[in-house]
Structures are given as structure tokens and as C-alpha cells.
Amino acid sequence: MNSFTIDEKKVTIYQANTADAPVIYLNTVMEEGNDKMYEILKQQECPEVTLITISGLDWNHDMTPWDAPPISKNAEPCTGGADEYLNFMTKTIVPEAERRITGKISWRGLAGYSLAGLFAVYALYQTDLFSRAASISGSLWFPGIIDYVFSHEMAKEPECIYFSVGSKESRTRNPYMKTVRKNTEQIERFYREKGIQTVFQLNPGNHFQNAAERTAAGIGWLLTQQKQESRQKY
């Protein structure tokens, strides 16, 4: 494991033990749980992977595609900086991180929890860099995201996408949060009907329970899917 900091973002590389492994990028709100999550991932006996975590993010700015008001009394507004951050990530963070990796990269994935799960889905429409994605307890309640997904084309259709939600996340009076399960299921079904390999996992508990375990499960699923040939469109 080695780390570096660039523009106040801390990037940590968990290097695979074998060359030519896939690379999965994980945007995180805090770095404290990453070691635990990586240990859980290794215990799953998944294929080798180089995991690259990015923390130190301006969470409500970097992970959100457009402005949105606070969803509750004590919440902060979202200020729609995903395009700016994704540009920085793909053109600065990714090249510098991969310069430090030994061997070739078989494929790239993008994963995230909560707003970073929203970002993982949105990023597929803006860049063809990632061939797999995991939206883990993703904030797909975000205003306007479901309409955006249904009305825009991805930069390149990914091989597979993982979705999960906690079983209690939509049990709320909050008009935004109560839509999270319905929206996630609709988006997962939309992609599946387009021929993309998907899965929807309902985890026990609310949004804040077992985040490390849920994240490891999502990344583990991406690693165990067979690589598919590019689909031809006619």
C-alpha cells in the first residue's frame, strides 16, 4: 500500500499481488474505513485487484452532477461539481496513480457508497474510461437523476453494474430519501433491459449500517463477473 496527495485529495493504492490485474477506483468520504473494507474484500477470495481509494473530497460538490437544495433541515446543499471533479480525476489522478502500478491493467472499474454511488452511475455518461461500476447504497434519490438516466446515452455501455440499497433506507418521511429503493430498482431494470449485466442487492439495515461490508460485496461482485465481448448495435 502506498499513498500520495494531489490537490488536497489523498490517493491510496492497494497494489495487487499479480501483474495485469484490474483496477477499481473508490471515492470515499473518509479514509478510515478503507483498510477494513480491503481486508474484508481479501477474505472473500476474489480475483486479484488493485484498489485505488480517493478521499479528501468536497463531498456535496465533487460527487453531485448538478445543484440540489438541502434534503433536510440540517443538511447542506449540493453544488454540482461532478463534471469538474471527474475531469480532474480522469486526467490527473488516474494517470498519476497508474504510473505507480506495476504491470498492465486488464480493465478499470468505479465504485462508490452513498453520493459516490450516484457519481459512479453519472460518470458512465461522461467518460468511457470505466467498464464496470458499483453503486453501493447509492444516492439515486437525487433530484433529476432518474430522468437523466432514462434520457441520455452512456459514453460507452459498461460490461456490468452493481446496485445495492439498505432495506430500511426508504422507510422515511423525507420525500427525497423515500424514493431511493424505487429509483434504484427502476434504474437497474432499465440497464438490464438494455442488455447490460446488472444485479440489485437489498441489504439489511439503514443507510449507515455495514458500509465496509457492503462496499466489499459490491466490488467483489464486479471482480467475479466474466468479461463480455463488446455488444454490437444494429
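Residues numbered from 1 in each chain as written. Predicted model: local features only at pLDDT ≥ 70, side-chain atom pairs only at ≥ 80, totals over all residues. Heavy atoms only, no water.

Asks: Tell me what's going on with the overall build of the chain, and back it up with residues and numbers.
Replies: Within the chain, the secondary structure is distributed over seven helices and ten strands. Scaling as 2.2 N^0.38, a compact globule of 234 residues should have a C-alpha radius of gyration of about 17 Å, and the chain matches this with 17 Å. Counting only C-alpha atoms and orienting by the principal axes, one finds that the chain spans roughly 50 × 45 × 35 Å. In the chain, which comprises 234 residues, the proportion classed as buried is 53%. Within the chain, contacts between residues at least 6 apart in sequence are counted, and of these 74% link residues at least 24 apart. Working note: accessible area of the chain is about 11400 Å², and carbon and sulfur atoms make up 47% of it. For the chain, the centre of its 25 positive side-chain charges and the centre of its 28 negative side-chain charges are spaced 6 Å apart. (Helix = DSSP H or I, 4+ residues; strand = E, 2+ residues; numbered from the N terminus. Rg over C-alpha atoms; globule rule 2.2 N^0.38 Å. Buried < 20%, exposed > 50% of the residue type's maximum accessible area, 1.4 Å probe, protein only. Contact = heavy atoms within 4.5 Å. Areas by Shrake-Rupley, 256 points an atom, 1.4 Å probe, with all protein chains shown as cover. Lys, Arg positive; Asp, Glu negative; His and termini not counted. Charge placed at Lys NZ, Arg CZ, Asp CG, Glu CD.)

Asks: How would you sum up the state of the cysteines? Please name residues and give values.
Replies: Inspection of every chain in the model, using the stated rule, returns zero disulfides. A disulfide-free cysteine, cysteine 46 has its sulfur positioned 13 Å from the sulfur of cysteine 160, the nearest such atom. (Disulfide = S-S within 2.5 Å.)

Asks: Outline the environment of glycine 220, supporting the account with residue identities and numerical values.
Replies: Mapped onto the secondary structure, glycine 220 falls in helix H7 (residues 211-224). The sequence separation of glycine 220 and glutamate 45 amounts to 175 residues, and the corresponding C-alpha distance is 8.8 Å. In contact with glycine 220, other than residues within four places in its own chain, are Leu41, Gln44 and Cys46.

Asks: Report on the sheet that holds strand S9 (residues 160-166), specifying residues and quantitative values.
Replies: In spatial order, the strands read S1-S2-S4-S3-S7-S8-S9-S10; together these eight strands make up an open sheet with mixed pairing. The strands lining the two open edges of the sheet, one partner per strand, are strand S1 (2-6) and strand S10 (197-203). The mean angle between the axes of side-by-side strands here comes to 15°, regardless of whether they run parallel or antiparallel. Looking at chain direction, strand S8 (residues 132-136) and S9 are connected through five bridges and run parallel. The residue bridging arginine 132 from the neighbouring strand is cysteine 160, located in S9. (Pairing = 2+ DSSP bridges. Axes fitted to C-alpha atoms, helices over the stretch in contact; angles between N-to-C directions.)

Asks: Quick one: what's the story with the confidence of the model for the chain, residue by residue and with numbers?
Replies: Within the chain, residue pLDDT values average 93, and 97% of them lie at 70 or more. pLDDT under 50 marks residues 229-234. Its contacts with residues more than four places away, or in other chains, come to six contacts. (pLDDT = per-residue confidence, 0-100.)

Asks: Mind laying out the side chain of histidine 61, listing which residues take part and the relevant values?
Replies: Of note, histidine 61 is situated in helix H2 (residues 59-62). A polar atom in the side chain of histidine 61 sits 3.4 Å from the side chain of glutamate 84. In this structure histidine 61 touches Thr79, Gly80, Gly81, Ala82 and Glu84, once residues within four positions along its chain are discounted. (Polar contact = N/O pair within 3.5 Å; in protein donor to acceptor, adjacent residues only side chain to side chain.)

Asks: An account of the nonpolar core is needed here, citing residue identities and associated values.
Replies: By size, the foremost hydrophobic cluster in this structure holds 51 residues, and its most contacted members are Tyr25, Met89, Phe119 and Tyr191. Ignoring anything within four residues of it in the chain, the contact list for tyrosine 191 reads Val121, Tyr125, Val149, Met154, Ile161, Phe163, Ile196 and Thr198. Counting 23 residues, the second-largest nonpolar core is a separate cluster that includes Leu26, Leu51, Ala111 and Ala134. (Core = buried A, V, L, I, M, F, W, Y, C linked by side-chain atoms within 4.5 Å.)

Asks: Hey, could you go over unusual backbone geometry for me, with residue numbers and the actual values?
Replies: Phi is positive for aspartate 7, which is not a glycine, with a value near 50°. Aspartate 7 gets classed as exposed once you look at its relative accessible area, which sits at 52%. Located in the positive-phi region is serine 114, a residue other than glycine, with phi close to 65°. Following the sequence through the fold, serine 114 ends up in the loop between strand S7 (108-113) and helix H4 (115-123).

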